[in-house]
Amino acid sequence: MLSAMRELAKVENQCIDSWLIVECQDGTIELRTTDGRLLQQDGQGGCKLLPIHSQSSSYNFQLLRVSDKLDKVLWNRDGEYSTTMRQQHDQNFGKEKELWMLRSPSHGTFLGLTLDNNLIISSEASFWQVDENFCLTHTSDSPARRQHYRRMWKTQSVAYVETMRKKHLAFALGTMTIETALDLTQHLLANLFSVSGIEGMCHDTRPPSVRTLLFHTAELARKEGHPDWVQFVALIHGLASVLTCLRSNSSNPSNVASKDDGNSDFDWTIPVDARVMGCKASENSIFQEFRTLNPDQDDPRYNTTNGLYNEHIGLEDFLLSWTSNEYMYHMLKHNNVRLPTEAYAILRLLPVVDWHKWGNHESLSNEGDEEVKPFVADVYELFKRSRDAAI
(Lines give C-alpha, C1' and ligand atoms only; values in the text may rest on other atoms or scores of the structure.)
Protein backbone atom coordinates (compact mmCIF):
# COMPACT_ATOMS: atom_id res chain seq x y z
CA MET A 1 0.00 0.00 0.00
CA LEU A 2 1.13 3.57 -0.71
CA SER A 3 -0.51 6.17 1.48
CA ALA A 4 -0.25 9.56 3.15
CA MET A 5 -1.42 9.89 6.74
CA ARG A 6 -3.77 6.93 6.28
CA GLU A 7 -5.26 8.32 3.06
CA LEU A 8 -4.67 6.28 -0.07
CA ALA A 9 -2.28 7.54 -2.70
CA LYS A 10 -3.83 8.55 -6.03
CA VAL A 11 -2.86 8.30 -9.68
CA GLU A 12 -4.59 10.91 -11.83
CA ASN A 13 -6.97 11.58 -8.89
CA GLN A 14 -7.98 7.91 -8.70
CA CYS A 15 -7.38 6.19 -5.34
CA ILE A 16 -5.44 2.93 -5.58
CA ASP A 17 -6.07 0.79 -2.50
CA SER A 18 -3.44 -1.92 -3.11
CA TRP A 19 -0.07 -2.15 -4.84
CA LEU A 20 2.34 -4.91 -5.72
CA ILE A 21 6.06 -4.31 -5.21
CA VAL A 22 7.78 -6.43 -7.83
CA GLU A 23 11.52 -7.01 -7.51
CA CYS A 24 13.44 -6.98 -10.80
CA GLN A 25 16.62 -8.90 -11.64
CA ASP A 26 18.80 -5.79 -11.29
CA GLY A 27 17.61 -5.23 -7.70
CA THR A 28 15.23 -2.39 -8.55
CA ILE A 29 11.48 -2.61 -8.02
CA GLU A 30 8.34 -1.97 -10.05
CA LEU A 31 5.13 -0.63 -8.57
CA ARG A 32 2.04 -2.31 -10.02
CA THR A 33 -1.62 -2.32 -9.11
CA THR A 34 -3.08 -5.67 -8.11
CA ASP A 35 -4.55 -6.02 -11.63
CA GLY A 36 -1.05 -5.63 -13.13
CA ARG A 37 -0.96 -2.01 -14.35
CA LEU A 38 2.52 -0.45 -14.14
CA LEU A 39 3.23 2.93 -12.53
CA GLN A 40 5.09 5.31 -14.86
CA GLN A 41 5.77 9.05 -15.20
CA ASP A 42 3.34 10.90 -17.44
CA GLY A 43 6.01 13.22 -18.87
CA GLN A 44 4.82 16.26 -16.92
CA GLY A 45 5.95 15.29 -13.42
CA GLY A 46 2.81 13.34 -12.61
CA CYS A 47 2.22 9.60 -12.78
CA LYS A 48 0.08 7.33 -14.91
CA LEU A 49 -0.69 3.63 -15.10
CA LEU A 50 0.35 1.61 -18.15
CA PRO A 51 -1.85 -1.24 -19.34
CA ILE A 52 -1.61 -4.75 -17.90
CA HIS A 53 1.52 -6.71 -18.93
CA SER A 54 3.39 -3.52 -19.95
CA GLN A 55 7.16 -3.75 -19.51
CA SER A 56 9.49 -0.78 -18.98
CA SER A 57 12.64 -0.39 -16.94
CA SER A 58 12.83 3.39 -17.41
CA TYR A 59 10.92 4.03 -14.20
CA ASN A 60 11.89 1.26 -11.91
CA PHE A 61 12.87 2.42 -8.44
CA GLN A 62 15.58 1.79 -5.91
CA LEU A 63 14.14 1.44 -2.41
CA LEU A 64 16.76 3.23 -0.30
CA ARG A 65 16.98 3.51 3.46
CA VAL A 66 18.13 6.66 5.24
CA SER A 67 19.74 5.26 8.36
CA ASP A 68 19.20 7.05 11.67
CA LYS A 69 22.31 5.47 13.12
CA LEU A 70 24.66 5.88 10.17
CA ASP A 71 23.59 9.50 9.63
CA LYS A 72 23.76 9.26 5.85
CA VAL A 73 21.83 8.22 2.77
CA LEU A 74 22.96 4.88 1.45
CA TRP A 75 23.62 6.01 -2.11
CA ASN A 76 25.83 8.54 -3.86
CA ARG A 77 26.09 10.41 -7.13
CA ASP A 78 27.90 7.55 -8.82
CA GLY A 79 24.90 5.31 -8.35
CA GLU A 80 26.39 3.11 -5.66
CA TYR A 81 23.83 2.19 -3.07
CA SER A 82 22.94 -0.32 -0.43
CA THR A 83 19.66 -1.45 1.06
CA THR A 84 21.27 -3.92 3.43
CA MET A 85 19.54 -3.76 6.78
CA ARG A 86 21.61 -2.50 9.69
CA GLN A 87 23.42 -4.99 11.87
CA GLN A 88 21.75 -5.88 15.15
CA HIS A 89 21.66 -2.71 17.22
CA ASP A 90 22.49 -2.63 20.90
CA GLN A 91 20.04 -1.98 23.71
CA ASN A 92 20.91 1.70 23.84
CA PHE A 93 19.44 2.39 20.42
CA GLY A 94 15.79 3.35 20.03
CA LYS A 95 13.12 1.71 17.93
CA GLU A 96 13.31 2.32 14.21
CA LYS A 97 10.93 4.43 12.16
CA GLU A 98 13.57 5.20 9.61
CA LEU A 99 12.95 7.00 6.36
CA TRP A 100 13.10 5.46 2.89
CA MET A 101 13.22 6.89 -0.61
CA LEU A 102 11.92 5.55 -3.92
CA ARG A 103 14.52 6.76 -6.42
CA SER A 104 14.72 6.24 -10.16
CA PRO A 105 18.32 5.22 -10.97
CA SER A 106 17.79 6.22 -14.62
CA HIS A 107 16.66 9.78 -13.92
CA GLY A 108 17.84 10.54 -10.40
CA THR A 109 14.30 11.55 -9.45
CA PHE A 110 12.06 10.51 -6.56
CA LEU A 111 8.54 9.27 -6.04
CA GLY A 112 6.52 11.65 -3.89
CA LEU A 113 3.03 12.94 -3.22
CA THR A 114 1.25 16.21 -3.91
CA LEU A 115 -0.86 17.93 -1.25
CA ASP A 116 -3.95 16.18 -2.67
CA ASN A 117 -2.16 12.79 -2.47
CA ASN A 118 -1.46 12.27 -6.16
CA LEU A 119 1.78 10.43 -6.88
CA ILE A 120 4.45 12.52 -8.61
CA ILE A 121 8.00 12.11 -9.88
CA SER A 122 10.22 14.97 -8.73
CA SER A 123 13.86 16.03 -8.50
CA GLU A 124 13.15 16.90 -4.86
CA ALA A 125 13.64 14.04 -2.43
CA SER A 126 10.53 12.62 -0.78
CA PHE A 127 10.51 10.28 2.16
CA TRP A 128 8.43 7.29 3.16
CA GLN A 129 8.11 5.10 6.22
CA VAL A 130 7.68 1.34 5.98
CA ASP A 131 5.64 -0.63 8.49
CA GLU A 132 5.91 -4.31 9.42
CA ASN A 133 3.54 -5.24 6.57
CA PHE A 134 5.70 -3.29 4.11
CA CYS A 135 3.08 -0.60 3.60
CA LEU A 136 4.70 2.66 2.50
CA THR A 137 3.40 5.88 4.09
CA HIS A 138 4.56 9.24 2.77
CA THR A 139 5.90 11.62 5.42
CA SER A 140 6.91 15.28 5.54
CA ASP A 141 9.70 14.29 7.92
CA SER A 142 13.34 14.64 6.90
CA PRO A 143 16.58 12.89 7.88
CA ALA A 144 17.97 16.10 9.36
CA ARG A 145 14.96 16.47 11.66
CA ARG A 146 15.13 12.87 12.82
CA GLN A 147 18.84 13.17 13.49
CA HIS A 148 18.34 16.35 15.52
CA TYR A 149 15.65 14.78 17.70
CA ARG A 150 17.74 11.65 18.11
CA ARG A 151 20.60 13.80 19.41
CA MET A 152 18.15 15.67 21.62
CA TRP A 153 16.93 12.47 23.29
CA LYS A 154 20.50 11.31 23.72
CA THR A 155 21.65 14.65 25.17
CA GLN A 156 18.84 16.25 27.14
CA SER A 157 18.95 14.89 30.68
CA VAL A 158 18.47 16.45 34.13
CA ALA A 159 22.25 16.77 34.47
CA TYR A 160 22.54 18.38 31.03
CA VAL A 161 19.82 20.94 31.75
CA GLU A 162 21.38 21.84 35.09
CA THR A 163 24.76 22.27 33.36
CA MET A 164 23.27 24.51 30.68
CA ARG A 165 21.44 26.60 33.24
CA LYS A 166 24.65 27.14 35.17
CA LYS A 167 26.47 28.02 31.96
CA HIS A 168 23.95 30.40 30.41
CA LEU A 169 21.79 31.93 33.13
CA ALA A 170 24.56 34.22 34.34
CA PHE A 171 23.95 36.20 31.12
CA ALA A 172 27.54 37.41 31.06
CA LEU A 173 27.81 37.88 27.28
CA GLY A 174 27.08 41.62 27.31
CA THR A 175 24.09 43.57 26.04
CA MET A 176 22.36 43.77 22.67
CA THR A 177 19.26 45.49 21.35
CA ILE A 178 16.43 43.44 19.87
CA GLU A 179 17.00 45.21 16.54
CA THR A 180 20.66 44.12 16.49
CA ALA A 181 19.69 40.56 17.42
CA LEU A 182 17.14 40.45 14.61
CA ASP A 183 19.71 41.76 12.14
CA LEU A 184 22.15 39.03 13.17
CA THR A 185 19.58 36.33 12.41
CA GLN A 186 18.87 37.48 8.86
CA HIS A 187 21.44 35.00 7.52
CA LEU A 188 20.30 32.04 9.65
CA LEU A 189 17.86 29.65 8.00
CA ALA A 190 14.55 29.15 9.76
CA ASN A 191 14.27 25.58 8.46
CA LEU A 192 17.46 23.66 9.15
CA PHE A 193 15.68 20.37 8.44
CA SER A 194 15.45 20.94 4.70
CA VAL A 195 16.26 17.98 2.43
CA SER A 196 18.69 20.26 0.58
CA GLY A 197 21.28 19.29 3.19
CA ILE A 198 21.59 15.79 1.71
CA GLU A 199 24.38 15.30 -0.79
CA GLY A 200 23.11 15.15 -4.34
CA MET A 201 19.62 16.40 -3.56
CA CYS A 202 18.04 19.19 -5.59
CA HIS A 203 16.08 21.92 -3.87
CA ASP A 204 15.21 25.13 -5.71
CA THR A 205 13.58 27.07 -2.88
CA ARG A 206 15.73 28.54 -0.13
CA PRO A 207 14.00 28.53 3.27
CA PRO A 208 13.38 31.96 4.85
CA SER A 209 15.70 33.42 7.45
CA VAL A 210 14.99 33.33 11.18
CA ARG A 211 14.38 37.09 11.05
CA THR A 212 11.86 36.77 8.22
CA LEU A 213 9.97 34.05 10.08
CA LEU A 214 9.88 36.07 13.32
CA PHE A 215 8.55 39.18 11.54
CA HIS A 216 6.05 37.03 9.66
CA THR A 217 4.78 35.47 12.91
CA ALA A 218 4.48 38.83 14.69
CA GLU A 219 2.60 40.31 11.73
CA LEU A 220 0.21 37.35 11.65
CA ALA A 221 -0.46 37.84 15.37
CA ARG A 222 -1.23 41.52 14.69
CA LYS A 223 -3.56 40.73 11.78
CA GLU A 224 -5.47 38.21 13.88
CA GLY A 225 -6.07 40.77 16.61
CA HIS A 226 -3.78 39.48 19.34
CA PRO A 227 -2.56 42.03 21.90
CA ASP A 228 0.79 43.75 21.45
CA TRP A 229 2.52 41.55 24.03
CA VAL A 230 1.64 38.43 21.99
CA GLN A 231 3.11 40.18 18.95
CA PHE A 232 6.24 40.89 21.00
CA VAL A 233 6.59 37.26 22.08
CA ALA A 234 6.10 36.22 18.45
CA LEU A 235 8.89 38.57 17.39
CA ILE A 236 11.52 37.51 19.92
CA HIS A 237 10.79 33.88 20.75
CA GLY A 238 13.46 32.51 18.38
CA LEU A 239 16.22 35.00 19.09
CA ALA A 240 18.34 32.56 21.09
CA SER A 241 19.66 31.53 17.68
CA VAL A 242 21.73 34.73 17.81
CA LEU A 243 24.16 32.79 20.01
CA THR A 244 25.09 30.83 16.90
CA CYS A 245 26.21 34.09 15.30
CA LEU A 246 28.13 35.15 18.40
CA ARG A 247 29.89 31.80 18.50
CA SER A 248 31.09 32.11 14.90
CA ASN A 249 32.35 35.65 15.48
CA SER A 250 33.96 35.13 18.88
CA SER A 251 37.68 34.67 19.51
CA ASN A 252 36.69 32.42 22.43
CA PRO A 253 33.70 30.41 21.16
CA SER A 254 33.45 28.27 24.29
CA ASN A 255 32.09 31.28 26.18
CA VAL A 256 29.10 31.71 23.88
CA ALA A 257 28.66 28.35 22.23
CA SER A 258 25.11 27.35 21.40
CA LYS A 259 26.34 23.77 21.51
CA ASP A 260 27.32 22.12 24.74
CA ASP A 261 31.05 21.38 24.92
CA GLY A 262 30.43 17.70 25.55
CA ASN A 263 27.79 17.40 22.81
CA SER A 264 29.18 19.49 19.99
CA ASP A 265 26.81 18.00 17.42
CA PHE A 266 23.67 19.13 19.28
CA ASP A 267 22.44 22.70 18.73
CA TRP A 268 19.83 23.59 21.34
CA THR A 269 18.99 26.93 19.67
CA ILE A 270 17.05 25.15 16.91
CA PRO A 271 13.34 25.47 17.82
CA VAL A 272 11.90 22.07 18.77
CA ASP A 273 9.26 20.58 21.04
CA ALA A 274 10.27 20.64 24.70
CA ARG A 275 9.50 18.15 27.44
CA VAL A 276 9.37 18.04 31.21
CA MET A 277 12.60 16.71 32.70
CA GLY A 278 12.95 14.75 35.93
CA CYS A 279 9.91 12.52 35.41
CA LYS A 280 8.76 9.81 33.02
CA ALA A 281 8.58 11.06 29.45
CA SER A 282 5.07 11.42 28.10
CA GLU A 283 3.83 8.78 25.68
CA ASN A 284 3.08 11.68 23.33
CA SER A 285 6.62 13.06 23.40
CA ILE A 286 7.94 13.47 19.90
CA PHE A 287 10.12 10.71 18.38
CA GLN A 288 9.43 8.18 21.12
CA GLU A 289 11.50 5.60 19.26
CA PHE A 290 14.64 7.35 20.57
CA ARG A 291 13.67 7.51 24.24
CA THR A 292 15.83 4.52 25.17
CA LEU A 293 18.87 6.64 24.30
CA ASN A 294 18.09 9.06 27.11
CA PRO A 295 20.45 8.95 30.14
CA ASP A 296 17.51 9.36 32.55
CA GLN A 297 15.47 6.52 31.07
CA ASP A 298 16.43 3.96 33.72
CA ASP A 299 17.12 6.30 36.63
CA PRO A 300 14.57 5.49 39.37
CA ARG A 301 14.56 9.13 40.47
CA TYR A 302 13.24 10.28 37.10
CA ASN A 303 11.26 7.44 35.52
CA THR A 304 8.01 7.66 37.49
CA THR A 305 4.95 9.73 36.61
CA ASN A 306 5.79 12.54 39.05
CA GLY A 307 9.52 11.92 39.34
CA LEU A 308 11.20 14.80 41.19
CA TYR A 309 7.98 16.71 41.75
CA ASN A 310 5.12 16.92 44.21
CA GLU A 311 1.63 16.64 42.78
CA HIS A 312 0.28 19.85 41.24
CA ILE A 313 3.52 21.70 41.88
CA GLY A 314 2.81 23.93 38.89
CA LEU A 315 4.64 24.34 35.60
CA GLU A 316 6.56 27.40 36.74
CA ASP A 317 8.68 25.09 38.92
CA PHE A 318 9.20 22.46 36.22
CA LEU A 319 12.64 21.66 34.92
CA LEU A 320 12.17 21.79 31.15
CA SER A 321 14.54 20.61 28.45
CA TRP A 322 17.02 23.30 27.45
CA THR A 323 15.65 25.04 24.36
CA SER A 324 15.58 28.39 22.61
CA ASN A 325 12.29 29.30 24.31
CA GLU A 326 13.65 28.36 27.73
CA TYR A 327 16.70 30.59 27.24
CA MET A 328 14.56 33.56 26.10
CA TYR A 329 12.16 33.08 29.03
CA HIS A 330 14.97 33.27 31.57
CA MET A 331 16.68 36.11 29.72
CA LEU A 332 13.56 38.29 29.90
CA LYS A 333 13.08 37.40 33.57
CA HIS A 334 16.72 38.25 34.28
CA ASN A 335 16.25 41.67 32.69
CA ASN A 336 12.98 42.33 34.54
CA VAL A 337 11.07 42.86 31.32
CA ARG A 338 7.52 43.88 32.21
CA LEU A 339 5.15 41.49 30.51
CA PRO A 340 1.84 39.90 31.56
CA THR A 341 2.10 36.56 33.31
CA GLU A 342 0.42 35.01 30.27
CA ALA A 343 3.25 36.26 28.03
CA TYR A 344 5.85 34.42 30.07
CA ALA A 345 3.64 31.33 30.15
CA ILE A 346 3.28 31.36 26.37
CA LEU A 347 6.99 31.86 25.78
CA ARG A 348 8.05 29.04 28.10
CA LEU A 349 5.25 26.54 27.62
CA LEU A 350 4.61 26.91 23.90
CA PRO A 351 6.99 24.04 23.00
CA VAL A 352 5.60 21.70 25.70
CA VAL A 353 3.23 20.19 23.18
CA ASP A 354 2.49 17.01 25.13
CA TRP A 355 1.01 19.21 27.88
CA HIS A 356 -1.11 21.78 26.00
CA LYS A 357 -2.07 19.58 23.03
CA TRP A 358 -2.25 16.07 24.46
CA GLY A 359 -3.21 16.80 28.08
CA ASN A 360 -0.24 15.08 29.73
CA HIS A 361 1.28 16.03 33.12
CA GLU A 362 -2.09 16.83 34.66
CA SER A 363 -0.86 15.42 37.97
CA LEU A 364 1.85 18.10 38.04
CA SER A 365 0.09 21.17 36.65
CA ASN A 366 -1.98 23.41 38.92
CA GLU A 367 -5.17 25.40 38.49
CA GLY A 368 -3.37 28.42 37.08
CA ASP A 369 -1.65 26.25 34.47
CA GLU A 370 -4.95 24.78 33.34
CA GLU A 371 -6.45 28.26 33.00
CA VAL A 372 -3.69 29.43 30.67
CA LYS A 373 -3.48 26.16 28.69
CA PRO A 374 -6.14 27.00 26.03
CA PHE A 375 -4.44 30.33 25.32
CA VAL A 376 -1.01 28.68 25.02
CA ALA A 377 -2.50 26.11 22.63
CA ASP A 378 -4.15 28.87 20.57
CA VAL A 379 -0.91 30.82 20.17
CA TYR A 380 0.94 27.58 19.38
CA GLU A 381 -1.43 27.01 16.46
CA LEU A 382 -0.83 30.60 15.30
CA PHE A 383 2.94 30.05 15.35
CA LYS A 384 2.51 26.76 13.49
CA ARG A 385 0.40 28.41 10.78
CA SER A 386 3.03 31.09 10.40
CA ARG A 387 5.86 28.57 10.06
CA ASP A 388 3.90 26.40 7.61
CA ALA A 389 3.05 29.44 5.45
CA ALA A 390 6.58 30.85 5.52
CA ILE A 391 8.44 27.57 4.98
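Residues numbered from 1 in each chain as written. Predicted model: local features only at pLDDT ≥ 70, side-chain atom pairs only at ≥ 80, totals over all residues. Heavy atoms only, no water.

(A) Focus on the overall build of the chain. Of the regular secondary structure elements, the chain holds 10 helices and 15 strands. Out of the 391 residues in the chain, the part that is buried amounts to 50%. Taking as baseline every contact in the chain between residues at least 6 positions apart, the subset at least 24 positions apart corresponds to 65%. When the accessible area of the chain is evaluated, it comes to approximately 19,900 Å², of which 47% is carbon and sulfur surface. (Helix = DSSP H or I, 4+ residues; strand = E, 2+ residues; numbered from the N terminus. Buried < 20%, exposed > 50% of the residue type's maximum accessible area, 1.4 Å probe, protein only. Contact = heavy atoms within 4.5 Å. Areas by Shrake-Rupley, 256 points an atom, 1.4 Å probe, with all protein chains shown as cover.)

(B) Region of the structure containing the pattern of salt bridges. Inspection of the entire model under this criterion finds 14 salt bridges. Ionic pairing is found between Asp183 and Arg211, a salt bridge with its closest N-O pair at 2.9 Å. A residue pair is termed long-range when its members are at least 10 positions apart, and Asp183 in helix α3 (residues 178-184) and Arg211 in helix α4 (residues 210-223) qualify at 28 residues. Residue Asp183 is classed as partly exposed on the basis of its relative accessible area, which comes to 33%. Connected through salt bridges with shared partners, the residues Arg165, Glu326 and Arg348 form a single ionic network. (Salt bridge = Lys/Arg side-chain N within 4 Å of Asp/Glu carboxyl O.)

(C) View of the nonpolar core. Within the largest apolar cluster, 68 residues are counted, with the highest numbers of intra-cluster contacts made by Trp268, Tyr327 and Leu349. Judged by nonpolar contacts, the second largest core, of 20 residues, contains Leu49, Tyr59, Leu63 and Leu136. (Core = buried A, V, L, I, M, F, W, Y, C linked by side-chain atoms within 4.5 Å.)

(D) The arrangement of α4 in detail. For α4, with 14 residues, the first-to-last C-alpha span of 20 Å sits near the 20 Å given by 1.5 Å per residue. Those residues of α4 that sit buried are Val210, Leu213, Leu214, Thr217, Ala218, Leu220 and Ala221. End-on view of α4: buried residues confined to an arc of 160°, all on one side of the axis. One or two residues past the end of α4 sits Gly225, with phi positive at roughly 85°. (Expected span 1.5 Å × (residues − 1). Arc of directions from axis to C-beta.)

(E) Just the pairing of strand β7 (residues 38-41), in detail. Sheet analysis places β7 next to strand β8 (residues 47-50), joined by 4 bridges and oriented antiparallel. Counterpart to Gln41 in the pairing with β8 is Cys47. Linkage of β7 to β8, two consecutive antiparallel strands, is achieved through a turn of 5 residues, within which Gly43 is found at a positive phi near 90°. (Pairing = 2+ DSSP bridges.)

(F) Representation of unusual backbone geometry in the model. Backbone geometry places Asn117, a non-glycine residue, at a positive phi of 70°. In this model, Phe171 sits at a positive phi of 50°, which is unusual for a non-glycine residue. Considering the arrangement of structural elements, one finds Phe171 in the loop between α2 (158-168) and α3.

(G) Representation of the pairing of strand β13 (residues 119-122) within the structure. In β13, alternate side chains face the same way, and those of Leu119 and Ile121 are buried while those of Ile120 and Ser122 on the opposite face are not. As paired strands, strand β12 (residues 110-113) and β13 are joined by 4 bridges and run antiparallel to one another. Looking at the pairing, Leu111 lines up with Ile121 of β13. Hairpin remark: β12 followed by β13, antiparallel, with 5 residues in the connecting loop; positive phi at Asn117, about 70°.

(H) Layout of the packing of aromatic side chains. Applying the stated rule across the entire model yields 10 aromatic pairs. Between the aromatic rings of Phe287 and Phe290, the centroid separation amounts to 6.1 Å while the plane-to-plane angle is 20°, which identifies the pairing as stacked. Phe287 gets classed as buried once you look at its relative accessible area, which sits at 9%. Between the aromatic rings of Tyr329 and Tyr344, the centroid separation amounts to 5.8 Å while the plane-to-plane angle is 85°, which identifies the pairing as edge-to-face. Of this pair, Tyr329 sits in helix α7 (residues 324-334) while Tyr344 sits in helix α8 (residues 341-349); the two residues are 15 residues apart in sequence, bridging distant segments of the chain. Overall, the relative accessible area of 8% leaves Tyr329 in the buried class. Relative accessible area serves as the criterion here: at 8%, Tyr344 is assigned to the buried category. (Phe/Tyr/Trp six-rings, centres within 6.5 Å; stacked < 30°, edge-to-face > 60°.)

(I) Inspection of the packing of α7 against α8 at higher detail. It is the contact of α7 with α8, at a shortest axis distance of 7 Å, that shows an interaxial angle of 150°. Considered as vectors, α7 and α8 are oriented roughly antiparallel to each other. Of α8, the residues touching α7 (which contributes Asn325, Glu326, Met328, Tyr329, Leu332 and Lys333) are Tyr344, Leu347 and Arg348. Split into classes, the residues belonging to the contact of α7 with α8 amount to 5 nonpolar, 1 polar and 3 charged. (Axes fitted to C-alpha atoms, helices over the stretch in contact; angles between N-to-C directions. Parallel < 35°, antiparallel > 145°, perpendicular 65-115°, else oblique. Nonpolar A, V, L, I, M, F, W, Y, C, P; charged D, E, K, R; others polar.)

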